[in-house]
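The residues making up each chain are set out below.
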Amino acid sequence: MVLSVLAISLRAEASGLFGPLQTVSREQGGLNTAIGYLYHEDTYKNGESYKIKQNEIYSQAAYGAKNIWEVYARIGVSNMKIAGIFASSDHFVETSQDDFEADWKFFGTLGAKAFYPINEMFGVGAFLQGTYYFSDFSDHVAITSGGVPVRTEMKFENLRDAVFGVGLQAKLPCGTNLYAGPYLYYSEADLSLFSGLYGTEYAEKHYTVKNKSLAGGFAGAEIPLIKGFRLNLEGQFADRFSAGAAISYTY
Amino acid sequence: MKSYFSIVFLIVVLLTAGFAHGQESASTTTPRDVSVSQQVAPSPETGVDPTAIDQSQASPHDTVETINEEYKEDEILEEYVAGNLKEEKVEIADPLEPVNRVVHGFNDKLYFWALKPVAQGYKTVLPEPARLSVKNFFSNLAFPARFLSCLLQADFSGAAMETGRFAINTLWGIGGLLDPSSGKELNLQKQDTDLGQTLGVWGVGQGFYIVWPFFGPSSARDTATLVGDYFLYPVSYINPWYDWLAVRTYEEVNATSLRIGDYEALKDAAIDPYVAFRDAYAQYRYKKIKARKAKGSSSAPVTRQEQPAAPVPEREN
């Protein structure tokens, strides 16, 4: 039943790569910018499991100094697909589609990093970032229940998250940085279902959904390219595996 | 709530962009568009390029050797300045002078009564790095006209450079707000050309002088390319028309805020400002086209020794 899935808990909504723990900006202070892509997969759970897929593309501007701190801002777009969320197990209820699919929506991220070098090779760091989706993800589904057709709109509104992570970073002789660590996250969204048919159970419903799982892990590599460009590859795991890449330029 | 977050985010992005310009201004020289007056008008008092004076003053003079070295530099500087003073005189026909003078007066009033006060207020509110970012953004948008002009001038390296600049500045310059391509490492300089210059390179004369309301000095040749430049500028496609007008006005206010004083300097130094601006425009365009022709004929830069010792006055029609 469609409405039964609305009480599900939402899981990780990390937006973009976390990146290396140490800033790539010049030591005396400077800007670095990046473009990135993250394929994000996760699961919704509430009795049944639903797989969420997102493609995120973003542009980032960061300012860091002294090789120990950095603040950054991102703006990007993301789509969303939730497999099987409209599928009904009730034989008397038919839906026009099984999946929730929403087009590209804008999001913004603000974050900060701090790094402490233990020696020339190793260091530890931490980051904190928050993301907010400026637009709502929405999709329509036609539900036929007991012979009565109802067109319903489902919306994810005010999707936002906060992530805090710590990690260890190692610098290889070739200039490549490897990093890994655990992270905590909190995500929340306002979910609404609206059909306009007042007096029915489909009329209008609002929920606040939050993530259930609070932890995940990440690992990545940052590889120097040419003329100030650097390649960042990263994987994140929380219920499902997400991976992405970014190319940064240091001014 | 959404608008609040959007505004906060926009402010953070602009401030971050501002950091980048602060960095550039402190350590490197950023190529900027040089206005007409900067190109053609030497300092009213000395007739010497102010940047050249700064360089001579910066020479050390602690020892005799360094003093001698300084004199040597001065000799070179004098020679250089003397060469510069022997500039080719370029004239342009002006059959519409009475009308042009009226339009020139209108543009002058428009500048002093509307554009300059607004630009000064805007300048007070927004710091220079942010205004430079805005200028970079619009300059990046004007890529199609520069790219096509390079192609039409058979300047394929320029076209490739423009493409690279556009891609890098759009992707890593936050949509063109920053200009990483002009940095030391990448060194992809903007190809300062347009369709009017392309016609000039092809041998089309500039025709007669014409002053357009709002747009300012132009020539028959350059006016003919205004349409092409209009269609090649993405801002032109903004709908409805009043949004387009607002964006273009903002662009102009921002650009003016970065060159307040240039217009006044040339105007104050001239006995007849109308004639001064006409001659300056003609000479400025002539020099641009000459530079483009030189680039097209040889990839090697033109050196001082290759220039004629005594340039012959030329009238381009």
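Residues numbered from 1 in each chain as written. Chains lettered and ligands numbered in written order. Predicted model: local features only at pLDDT ≥ 70, side-chain atom pairs only at ≥ 80, totals over all residues.

Asks: So what about the overall build of chain B? Which residues, and what values?
Replies: Per the secondary structure count, chain B includes 14 helices and four strands. Relative to its full complement of 317 residues, chain B shows a buried share of 28%. (Helix = DSSP H or I, 4+ residues; strand = E, 2+ residues; numbered from the N terminus. Buried ≥ 20, exposed ≤ 12 C-beta atoms within 10 Å, placed from the backbone.)

Asks: Lay out the overall build of chain A with the relevant residues and their values.
Replies: Across its full length, chain A carries zero helices and 13 strands. Of the regular secondary structure in chain A, the N- to C-terminal order runs β-β-β-β-β-β-β-β-β-β-β-β-β. Here chain A holds 251 residues, and 41% of them are scored as buried. Taking the contacts inside chain A whose residues are at least 6 apart along the sequence as the reference set, 63% of them involve residues at least 24 apart. (Contact = placed C-beta atoms within 7 Å.)

Asks: Give me the lowdown on the pairing of strand E9 (residues 177-194) of chain A, citing residues and values where you can.
Replies: Across 15 bridges, the pairing between strand E8 (residues 148-171) of chain A and E9(A) is antiparallel. Within E9(A), the position partnered with A:Arg160 by the bridge is A:Glu188. (Pairing = 2+ DSSP bridges.)

Asks: How would you summarise helix H5 (residues 97-125) of chain B if you had to cite specific residues and measurements?
Replies: Residue and element names in this part refer to chain B. A rise of 1.5 Å per residue sets the reference length of H5, with its 29 residues, at 42 Å; its end C-alpha atoms lie 39 Å apart and thus fit the reference within 8%. Of all the residues in H5, the buried ones are Asn 100, Asn 107, Leu 115 and Ala 119. Check the buried side of H5 and you find it contacts strand E2 (209-212), strand E3 (216-219) and helix H12 (241-257). (Expected span 1.5 Å × (residues − 1).)

Asks: Describe the confidence of the model for chain B, naming the residues involved and giving the relevant values.
Replies: Residue and element names in this part refer to chain B. This prediction gives chain B a mean pLDDT of 75; 66% of its residues lie at or above 70. A low-confidence stretch, residues 12-83 stays under pLDDT 50, and its non-local contacts, those more than four residues away or across chains, total 82 contacts. For this predicted complex, the interface confidence comes out at an ipTM of 0.73, alongside a pTM of 0.70. (pLDDT = per-residue confidence, 0-100.)

Asks: Pulling in residues and values, what's your account of the packing of helix H6 (residues 128-141) of chain B against H12(B)?
Replies: The angle between the axes and the distance between the axes are what describe a pair of packed helices. Residues and elements named next belong to chain B. Look at H6 against H12: their axes get within 9 Å of each other, and the N-to-C directions meet at 130 degrees. Overall, the two elements H6 and H12 adopt an arrangement that is oblique. In terms of crossing hand, the pair formed by H6 and H12 is left-handed. Residues Arg 131, Val 134, Lys 135 and Phe 138 of H6 touch H12, and the partners they reach there are Glu 251, Asn 254, Ala 255 and Ser 257. Classifying every residue of the contact of H6 with H12 by side-chain character gives three nonpolar, two polar and three charged. (Axes fitted to C-alpha atoms, helices over the stretch in contact; angles between N-to-C directions. Parallel < 35°, antiparallel > 145°, perpendicular 65-115°, else oblique. Left-handed = near helix turned anticlockwise from the far one by under 90°. Nonpolar A, V, L, I, M, F, W, Y, C, P; charged D, E, K, R; others polar.)

Asks: Describe the packing of H5(B) against H12(B), listing the residues and the values that go with them.
Replies: All names here are of chain B. The N-to-C vectors of H5 and H12 enclose an angle of 75 degrees; their axes lie 8 Å apart at closest approach. Between H5 and H12, the angle is such that the two are roughly perpendicular. Along the contact surface, H5 presents Leu 115, Lys 116, Val 118, Ala 119, Tyr 122 and Lys 123, while H12 presents Val 253, Thr 256 and Ser 257. Classifying every residue of the contact of H5 with H12 by side-chain character gives five nonpolar, two polar and two charged.

Asks: Which residues make up the environment of A:Asp190, and what values go with them?
Replies: Residues and elements named next belong to chain A. Mapping Asp 190 onto the fold places it in strand E9. Residue Asp 190 is classed as partly exposed on the basis of its 15 C-beta neighbours within 10 Å. Those residues in contact with Asp 190 that sit more than four places away from it in its chain are Glu 157, Asn 158, His 206 and Thr 208.

Asks: Mind laying out the environment of A:Thr33, listing which residues take part and the relevant values?
Replies: Structurally, A:Thr33 is set in strand E1 (residues 30-46). Each C-alpha atom, one on A:Thr33 and one on A:Ser248, is 5.4 Å from the other, the two residues being 215 residues apart in sequence. If near-sequence neighbours (up to four positions away) are discounted, A:Thr33 is found in contact with A:Gln60, A:Ala61, A:Ser248, A:Tyr249, B:Trp172, B:Gly173, B:Ile174 and B:Leu178.

Asks: Which residues make up unusual backbone geometry, and what are the values?
Replies: For the bond from B:Asn239 to B:Pro240, the omega torsion is -5 degrees, close enough to zero to count as cis. Examined against the element boundaries, B:Pro240 turns out to sit in the loop between helix H11 (226-231) and H12. With a phi close to 60 degrees, A:Asn67 is a non-glycine residue in the positive phi region. Assignment of secondary structure puts A:Asn67 in the loop between strand E2 (48-65) and strand E3 (69-82).

Asks: Run through helix H8 (residues 156-172) of chain B, naming residues and quoting values.
Replies: Residues and elements named next belong to chain B. For H8, with 17 residues, the first-to-last C-alpha span of 24 Å sits near the 24 Å given by 1.5 Å per residue. Burial in H8 covers these residues: Gly 158, Met 161, Glu 162, Arg 165, Phe 166, Ile 168, Asn 169 and Trp 172. Where H8 terminates, the next one or two residues include Ile 174, which has phi positive at roughly 55 degrees.

Asks: Which residues make up the confidence of the model for chain A, and what are the values?
Replies: On average, residues of chain A score 84 in pLDDT, and 87% of them reach the 70 mark or higher. When the criterion is pLDDT under 50, residues 1-12 of chain A qualifies, and its contacts beyond four places in sequence or with other chains add up to 51 contacts.

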